[in-house]
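Summary of the model geometry
The lines below spell out each chain.
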Amino acid sequence: MDLNTRSLQSINSNSKSKTMAKILEEEAEDEAEDLSSSCGCFFCAKKQPDARLRRASVAAFFRELPYSEDDDGGAVAAVWRAAMDAPDDPELPSLGAIRCMSLLLARALDDAVWRRRGQNASVPYYAAHVLGSYTIRSSAHAELAVAAGAVRPLLALLGGTMTWVERRAALRALGHLASYDATFPAVARHAAEAVPLAVRAASTCVSDVYTNYVALALSKRPKYQRELLTRGLDGGVGAEDRKAEEWASQLQCWSLYFLSCLASRDPSSHVLICQDPVFLRELCRMWGGLANGNSPAGVGLLRLLCRSAVGRDAIAACPDALSGLCDLARSSDDWQYMAIDCLLLLLGDRDSWHTVADATAPYLVDLAELRRLGPRRRLGDAITSALLLGDDDHATCGRELGSEAREAVASLRETKIERKEREGAMSVDELLQRKLLAKEKKRQGNDMFWHGEVDRAIELYTEALALCPLSGRRDRLVLHSNRAQCWLARREVDAAASDATRALSLARPANAHARSLWRRAQAYDMKGGMARESLLDCLAFAGAWLDGRKHGRQRAAARGANLRKLPYCIARMIGKQMSVTGLFAGVSADGGKVGRDGRMPLCSDGDDGGDEDEKDVDGDDCDHDESEEEFYETELRFCRSGYGLPIMAEETWSSRLARRKKT
């Protein structure tokens, strides 16, 4: 009986196995039939309703695409779109998308005939871009790219085997691969080749894009590049040129990001990066522009270089790099704190302190009152310590600073140490008396200014600053700002920028005093060569103006001002500086000039509105003062440009012309 039972169970088991095998065979035949009946394109594969069949179809598509002899530009563009829409989706990379793109890059580099067929010219760009999209946030995808051999063809694109369009996409992908611990060694292995190429790309990309695209007639621009740039874009040639400028800026930013990844993980790469003195000289001037404001660009790389002795020595020996850092440190750029970080790192090195302090002390003392800037706190104290402690150390070694730097350090010592000790020993009544005397001096200075006695006004403001207690932060802010206006009247732009910067350092939060921003913007404009700094100050002013109007904090409404528009002089300055700071301004045929009138008017600040009396973090009133308001109420409501045309605050040229037509 038991034997019969076991025999029946064995027969049933064999029957089930045969049935299951037959079912699987039929399913495999159905799957093969479905795959053979489909056209094999990416669109059909993605539309498969059955998940198993869809995955099989997509995997087959990625296996066959690199060896296809057809025009594959449209298919790769579809993969690019899917990667852009869902860069974190693991499905396509797991089915072979990354390997497929790596093979396509290798084929495009080796097979020029295939690359020129139909839309295949755009395949290298799309393939490199897909690699960059899938590796932007995924270390696992980056490892797949390295395993697929993507690094070598990406480096070939970086080396210029094709055009700037492909180089931009390649640098984006290489930057992501260099940002992960797992894949960094695969990229760093080629550092000796990659670093000079990335340095060259950052230095020459602007002129390259302008010469090889923007300066060309439309008929001579590569067709596939125009299609890539104008995808989904309206606005004609102007919009196309602006897009090319944006891509050129991104190419520069991705070059600097790639170098920053190498510099942050491998200090030995600092030697390679610092070999080109021209690159170091221009590095601080490389910025993301308004379109790429979230990129620290050149100053981010400089800060990394300042963390090594090799980098500090190279930067300290480059006067243009130090000058660029000082200009950025005295601006309202979002990355201002990074420039200050760089200077503090340089001053923290005993070997480079003397050279750096000699070049930067006259600028850094203007920032000694900074309290908080971005993520940094007590920056003013750090600057004071770096300058004074370094000066004490080098004094014992018998090394002296130049006269200008020596005076700046001496004034800093007198203000931050000696005067602070003297005032600490004074009684409350004595301090109050000095404060009242300072206010009287300021009132007299205002009167002198409006009577045309600018030199006497400067003397009175200086005397008021000497009397005003250090605890009177707001009063000192107003005095520095008013004295900056006097320096502007005398066209002494360095002194005006210095006083305006001191006022902005005293503001809470930093850089939050609109009038001082406008005065420094004018000083930078008059000085020349500082259009970027002037533009950023104007934009900061405009932000404060519009925010104040929106929340009803300004009192200009009582004076009949238009609440929706900026003062005309501000808008005009922004327009001028945006033209000058355009990426292609320096390489354009006309030298980037904007019109005949190169001078900007010293417009009235009277309509920029005061800050409302509200408490700041120190418990003081916000940076508004009634006597300062009086200083502006009596100011002329118009000024004159270089051609004697009146520039009315709050009035546009269109409204003025309309009024003339009526009369």
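Residues numbered from 1 in each chain as written. Predicted model: local features only at pLDDT ≥ 70, side-chain atom pairs only at ≥ 80, totals over all residues. Heavy atoms only, no water.

1. Focus: the overall build of the chain
Across its full length, the chain holds 33 helices and 4 strands. For the chain, with 663 residues in total, the buried portion stands at 50%. Of the roughly 30700 Å² of accessible surface on the chain, a fraction of 53% belongs to carbon and sulfur atoms. (Helix = DSSP H or I, 4+ residues; strand = E, 2+ residues; numbered from the N terminus. Buried < 20%, exposed > 50% of the residue type's maximum accessible area, 1.4 Å probe, protein only. Areas by Shrake-Rupley, 256 points an atom, 1.4 Å probe, with all protein chains shown as cover.)

2. A look at the side chain of Asp499
Tracing the sequence through the fold places Asp499 in helix H28 (residues 493–506). At a separation of 2.9 Å, a polar atom in the side chain of Asp499 contacts the side chain of Trp487. (Polar contact = N/O pair within 3.5 Å; in protein donor to acceptor, adjacent residues only side chain to side chain.)

3. Focus: the pattern of salt bridges
Enumeration according to the criterion identifies 37 salt bridges in this entry. In this structure, Glu533 and Arg285 form a salt bridge, with 3.2 Å as the shortest nitrogen-oxygen distance. Linking Glu533 in helix H30 (residues 531–550) with Arg285 in the loop between helix H17 (277–283) and helix H18 (297–305), this pair joins segments that are 248 residues apart in sequence. The partner of Asp341 in a salt bridge is Arg303, with the nearest N and O atoms 3.1 Å apart. Within this pair, whereas Asp341 is found in helix H21 (residues 336–347), its partner Arg303 is found in helix H18, the two being separated by 38 residues in sequence. (Salt bridge = Lys/Arg side-chain N within 4 Å of Asp/Glu carboxyl O.)

4. Section: the packing of aromatic side chains
All told, the structure shown has 11 aromatic pairs when counted by the stated rule. Ring plane angle 50° and centroid distance 5.5 Å describe the contact between Tyr210 and Phe584, whose orientation is recorded as tilted. One end of the pair, Tyr210, is in helix H13 (residues 191–214); the other, Phe584, is in the loop between helix H31 (568–580) and helix H32 (626–633), with 374 residues separating them in the sequence. Judged on exposure class, the residue Tyr210 and its partner Phe584 are both buried. Here the aromatic residues Trp80, Tyr125, Tyr126, Trp164, Tyr213 and Trp247 are joined through ring pairs into a cluster of three or more. The ring of Trp247 carries Arg168 above its face, with NZ or CZ at 4.1 Å from the centroid. Stacked on the ring of Phe184, the Lys or Arg Arg265 has its end atom at 5.8 Å from the ring centre. (Phe/Tyr/Trp six-rings, centres within 6.5 Å; stacked < 30°, edge-to-face > 60°. Lys NZ or Arg CZ within 6 Å of the ring centre and 35° of its normal.)

5. Notes on the packing of H21 against helix H22 (residues 350–364)
At a minimum axis distance of 9 Å, the contact between H21 and H22 shows a crossing angle of 140°. The angle between H21 and H22 places the two elements in the oblique class. As for how H21 packs across H22, the hand of that crossing is left-handed. Of the residues in H22, those touching H21 at Leu343, Leu346 and Leu347 are Ser352, Trp353, Val356, Ala357, Thr360 and Leu364. (Axes fitted to C-alpha atoms, helices over the stretch in contact; angles between N-to-C directions. Parallel < 35°, antiparallel > 145°, perpendicular 65-115°, else oblique. Left-handed = near helix turned anticlockwise from the far one by under 90°. Contact = heavy atoms within 4.5 Å.)

6. Remarks on helix H3 (residues 51–64)
The terminal C-alpha atoms of H3 lie 20 Å apart, and with 14 residues this matches the ideal 20 Å at 1.5 Å per residue to within 8%. Listed as buried for H3 are Leu53, Ala56, Ser57, Val58, Ala59, Ala60, Phe61 and Phe62. (Expected span 1.5 Å × (residues − 1).)

7. Quick look at helix H27 (residues 473–489)
For H27, which comprises 17 residues, the first-to-last C-alpha distance of 25 Å matches the rise-based estimate of 24 Å (1.5 Å per residue) to within 8%. The element H27 is largely enclosed, with a buried count of 16 among its 17 residues. Positive backbone phi, at 60°, marks Arg491, one or two positions downstream of H27.

8. Points about the nonpolar core
Taken as a class, soluble globular proteins show a tendency for nonpolar side chains to be buried jointly. The biggest cluster of nonpolar side chains holds 134 residues, and the ones touching the most others in it are Phe62, Leu154, Phe258, Phe279 and Leu325. With 14 residues, H13 is the largest single contributor of residues to this core. Once residues lying within four places of it in the same chain are set aside, the contact partners of Phe62 are Phe42, Val79, Leu92, Leu95, Gly96, Ala97 and Cys100. Core analysis: the next-biggest nonpolar cluster, separate from the first, contains 20 residues, Ala464, Cys486, Ala497 and Ala523 among them. (Core = buried A, V, L, I, M, F, W, Y, C linked by side-chain atoms within 4.5 Å.)

9. Let's talk about the packing of H27 against helix H29 (residues 514–527)
Two elements in contact, H27 and H29, have axes separated by 10 Å at closest approach and are oriented at 25°. Our classification of the angle between H27 and H29 gives roughly parallel. Considering how the two elements wind past one another, H27 and H29 form a crossing that is left-handed. Contact residues: H27 offers Ser481, Asn482, Gln485 and Leu488, while H29 offers Arg515, Ser516, Arg519, Gln522, Ala523 and Met526. Across the contact of H27 with H29, the residue classes break down as 3 nonpolar, 5 polar and 2 charged. (Nonpolar A, V, L, I, M, F, W, Y, C, P; charged D, E, K, R; others polar.)

10. Let's talk about the environment of Tyr210
For Tyr210, a relative accessible area of 17% puts it in the buried group. For the pair Tyr210 and Leu583, spaced 373 residues apart in the sequence, the C-alpha separation amounts to 9.3 Å.

11. Observations concerning the environment of Thr355
Here Thr355 is to be found in helix H22. Given the relative accessible area of 40%, Thr355 is considered partly exposed. Expressed as a C-alpha distance, the spacing of Thr355 and Gly402, which sit 47 residues apart in the sequence, is 9.9 Å.

12. Observations regarding the confidence of the model for the chain
Scored by pLDDT, the chain comes out at a mean of 81, with 78% of its residues at no less than 70. Note that residues 589–622 has pLDDT below 50 and, in this model, 99 contacts with residues that lie over four places away or in other chains. A low-confidence stretch, residues 624–663 (pLDDT under 50), is modelled with 96 contacts involving residues beyond four sequence positions or located in other chains. (pLDDT = per-residue confidence, 0-100.)

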